[in-house]
Amino acid sequence: MDQEAAETARESLELVFRMSNILDTGLDRHTLSVLIALCDLGLNPEALAAVVKELRHESGNNFGRSLR
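Not measured: the values here are computed from a predicted model. Position labels on residues start from 1 in each chain and follow its written sequence. For this predicted model, a pLDDT threshold of at least 70 governs which residues receive local features, and a threshold of 80 or more governs which side-chain atom pairs are given and counted, while totals over whole chains, interfaces and linings are taken from all residues. Side-chain metrics in this entry use all non-hydrogen atoms of the structure; hydrogen atoms and water are not considered.

Attention now moves to the nonpolar core. Side-chain atoms within 4.5 Å link the members of a nonpolar core, which is a set of buried Ala, Val, Leu, Ile, Met, Phe, Trp, Tyr and Cys residues. Only protein chains enter the accessibility calculation, which uses a 1.4 Å probe; a residue is then buried when its area is under 20% of its type maximum, exposed when over 50%, and partly exposed in between. Of all hydrophobic cores here, the largest spans six residues; its members are F17, L27, L32, L35, L48 and V52. Contact criterion: two residues are considered in contact whenever any of their non-hydrogen atoms come within 4.5 Å of each other. Ignoring sequence-local partners within four residues, the contact set of L27 consists of F17, S20, L32, L35, V52 and R56.

Next up, the structure:
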């Protein structure tokens, strides 16, 4: 990955992280990065959201929040 592409990726992740904070998702940068990468690989974003919700439910709503 060249320098410009890396900078664009960092800026995009920062923007997604800010939006995540505004929406109070409780997801940290690493988790968001993994979710974005999975979407880039073709996984269905709605299915990923369902998995995150289920993991939160099973862990007592601490998934993601404990990673901050």
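Notably, D24 is not glycine yet its phi reads approximately 55°, a positive angle. Within the fold, D24 resides in the loop between α1 (3–22) and α2 (29–40). Here a strand is any run of E in DSSP of at least two residues, a helix any run of H or I of at least four, and the numbering for each starts at the N terminus.

Attention shifts here to the packing of α2 against helix α3 (residues 45–58). Between α2 and α3, the shortest axis-to-axis distance is 10 Å and the interhelical angle comes to 145°. In the crossing of α2 with α3, the sense of the turn from one axis to the other is right-handed. Contacts between α2 and α3 involve L35, L38 and C39 from the former and P45, L48 and V52 from the latter. In the scheme used here, Gly and all other residues not listed as nonpolar or charged are polar, with Ala, Val, Leu, Ile, Met, Phe, Trp, Tyr, Cys and Pro taken as nonpolar and Asp, Glu, Lys and Arg as charged. Counted by class, the contact of α2 with α3 contains six nonpolar, no polar and no charged residues. Orientation is described by lines fitted to C-alpha atoms, with helices fitted over the stretch in contact, and by angles between N-to-C directions that extend from 0 to 180 degrees. Handedness of a helix crossing follows the sense of rotation of the near helix relative to the far helix, less than a right angle counterclockwise being left-handed and clockwise being right-handed.

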